Amino acid sequence: MKILLIFPGLHHSLAKKKRRHKEFQLIGTTLPTLAALTPPDIEVEILNEYNHPVNYETDADIIGITVMTSHASRAYEIADEFKKRGKFVVLGGIHPTVLPEEASKHATTVVIGEAEGIWEELLKDFQNGRVKKFYKAERFPLPHEIPIPKRGALDPKSRGKRLFSPKIEIMQVSRGCPYNCDFCCVTKFFGNTYRFRPVDSIIKEIKSLGKIDYLFFQDDNIVGNKAQAKEFFKKLIPLKLKWAGGTTLGTLQDDELLDLMNKSGCITMFVGIESLTIPFAKNRTYLEDRLEYYYKTIEKLHNFKIMAYASFIFGFDTDDTKVFEKTVRFAQDACCEGAAFHILTPYPGTKLYEKLDKEGRIFVHDWQYYDGEHAVFHPKLMSSKELEEGFEWAIREFYSIKSIAKRIWGSRTRPFFAIPWNLFIYFDRKFNHQ
Ligand code: SF4
């Protein structure tokens, strides 16, 4: 028996516009984790469509496709093609979990929730010829039930060319997030739980990766539990790695934690600042105080030789057209080595989606545009066109040569990483985006 697991690429209508460097289209740990959950007597192959086209004539018995909202249009297209050929198609991931009925129109069966436990059940049912339409996880897997992903199942052609690019591996050490932001679907999928894998299992996984240049932790918050994170960072120190991860600003007030991050090889921390216009819900802190707090936190990261990669979202109801310049100037003045700008996106299953839908403000329903780069709703204080143009301007301005020079000179933190990284983004925007 054979299973083909697919990480879908972009829908053809966006693929041209967003030509991306193939070697950086890493598939994360979802499909290798499914491969690890599969009994060893079943052959599993993983295909990354960004790097290799789908072969619809495959001899695989089961086609499994992981679906995030922005990939849903393409995933459904692939699923329909396989179904036409009589293949058994399984859809799973965040999008089918939130919209199982929609996904089931394109699949033989849909996996709802995290796969541990139900994937094995589905495979048994398939072998016994009595498969259900839906497989729903009744509980969140415990940390020790999360297996070490089987990366060897990834088809070598799907890895992308790595001639001059660094060897980067992605890992996930936890699941879930203790917060529940209105615009985020993490909690919907992983619950309001934070589950950190056993540290020994994580270290074993890292050692199995061989020689790597960078390790990227894809966790939504690598410091969801400070005590566990500190224990983990201590055990990372002897491995002499270079790694990047993400957390919230609040956790970065702890100097002991920052020191351990630095000593364990953290070179970049992704921090979600998200908005400079929304007042803090609880105490309505004045913006000036908050800006001061943000500046100080980024300075702290720099003091511990960690580059700051800040994330911002445009399009909140408090944002007018001045938000773009305000945000970019802040990120420049704080000397962030990197910034990710996003357009607020009402992902299905979030409170934001419910609110905007109720207000009749969502005007795009094609999931491929739910990628954080398109306005799919009417913002309150500007037009959707102004939102998209402002977003594009922010990226161009932040990654302009003048801005790169100013920020990197100002931060003086790991310039040998920051300069090539910024120039890569500058040239990528210049030549790969239409
Ligand atoms: S946006 Fe970040 S902090 Fe908020 S719920 Fe999602 S992962 Fe957690």
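Above this note sits the structure.
Just so you know, these numbers come straight off a predicted model, no measurement behind them. Each residue is numbered by its place in its chain's sequence as written, counting from 1. Confidence filtering applies because this is a predicted model: local features only for residues at pLDDT of at least 70, side-chain atom pairs given and counted only at 80 or more, and all residues used for totals across whole chains, interfaces and linings. Remark: hydrogens and water are excluded; side-chain values derive from all non-hydrogen atoms of the structure.

> I would appreciate a short explanation of the pattern of salt bridges in the present structure.
Between side chains of opposite charge, a pair can form when the charged atoms approach closely. When a carboxyl oxygen of Asp or Glu is within 4 Å of a side-chain nitrogen of Lys or Arg, the pair counts as a salt bridge. Tallied over the full model, the rule gives 35 salt bridges. With its nearest N and O atoms 2.8 Å apart, the salt bridge here joins Asp317 to Arg361. Of the two residues, Asp317 sits in the loop between β13 (307-314) and α12 (323-333) while Arg361 sits in the loop between α13 (351-358) and α14 (384-398), which places them 44 residues apart along the sequence. For Arg361, a relative accessible area of 11% corresponds to the buried category. Linking Glu359 and Arg361 is a salt bridge whose minimum nitrogen-to-oxygen distance equals 2.7 Å. Helical segments are the DSSP runs of H or I of at least four residues, strand segments are the runs of E of at least two, and each set is numbered from the N terminus. Burial here depends on accessible area, computed with a 1.4 Å probe over protein chains only, as a share of the maximum for the residue type. Under 20% is buried, over 50% is exposed, and the range in between is partly exposed.

> Explain the packing of α12 against α14 to me, please; I cannot follow it from the model alone.
Geometry of a packed helix pair, given as the angle between the helix axes and the separation of the axes. The axes used here are C-alpha line fits, helices contributing only the stretch in contact, and every angle between their N-to-C directions lies in the interval 0 to 180 degrees. Relative orientation of the contacting elements α12 and α14 amounts to 20 degrees, with a least axis distance of 9 Å. With respect to α14, the element α12 is oriented roughly parallel. α14 is crossed by α12, and the crossing has right-handed handedness. Contacts between α12 and α14 involve Phe324, Glu325, Val328, Arg329, Ala331 and Gln332 from the first element and Glu386, Leu387, Gly390, Phe391, Trp393, Ala394, Glu397 and Phe398 from the second. Of the residues that constitute the contact of α12 with α14, the class distribution is eight nonpolar, two polar and four charged. Each angle receives one of four descriptions, namely roughly parallel if under 35 degrees, roughly antiparallel if over 145, roughly perpendicular if within 65 to 115, and oblique otherwise. Crossings are assigned a handedness: left-handed for a near helix turned anticlockwise from the far helix by less than a right angle, right-handed for a clockwise turn. Contact criterion: two residues are considered in contact whenever any of their non-hydrogen atoms come within 4.5 Å of each other. Under this grouping Gly is polar, as are all residues other than the nonpolar Ala, Val, Leu, Ile, Met, Phe, Trp, Tyr, Cys and Pro and the charged Asp, Glu, Lys and Arg.

> Just checking my understanding: could you explain the pairing of strand β12 (residues 266-274) for this structure?
Consecutive residues of a regular strand have side chains that alternate between opposite faces of the sheet. Between any two strands, at least two bridges found by DSSP are needed for them to pair. Bridging between strand β11 (residues 243-247) and β12 involves five bridges; their strand directions are parallel. Each bridged residue has a counterpart across the sheet, and for Gly246 the counterpart in β12 is Phe270. Looking down the strands as they point away from the viewer, one classifies a crossover as right-handed if the path from the first strand across the helix to the second runs clockwise. For the crossover from β11 across helix α10 (residues 255-263) to β12, the handedness is right-handed. When β12 meets β13, the two strands line up parallel, connected through six bridges. Pairing of Thr268 across the sheet is with Met307, part of β13.

> How do you make sense of the site of the ligand when you look at a structure like this?
In the vicinity of the ligand, the contacting residues are Cys177, Tyr179, Asn180, Cys181, Phe183, Cys184 and Asp220. In terms of residue class, the shell around the ligand is built from five nonpolar, one polar and one charged. Summary of the distance rule: residues count as near a molecule or strand when at least one heavy atom falls within 4 Å of that molecule or strand.

> Would you mind going over the sheet that holds strand β3 (residues 62-66) with me for this structure?
What links the strands of a sheet is backbone hydrogen bonding, and the strands pair in either a parallel or an antiparallel sense. Across the sheet, which stays open at both edges, the six strands sit in the order β2-β1-β3-β4-β5-β6 with parallel pairing between neighbours. Edge positions in the sheet fall to β2 (43-48) and β6 (134-136), since each has one partner strand and no second. Going from strand to strand, the sheet's axes swing by 20 degrees on average, the running direction of each strand aside. The pairing of β3 with strand β4 (residues 88-92) spans five bridges and is parallel.

> What should I look at first to understand helix α8 (residues 199-208) in this one?
Val199, Ser201, Ile202, Ile203, Glu205 and Ile206 are the residues of α8 that are buried. Against β7 (168-171), β9 (195-196), β10 (214-217) and α9 (226-236) lie the buried residues of α8. Backbone geometry just after α8 places Gly210 at a positive phi near 75 degrees.

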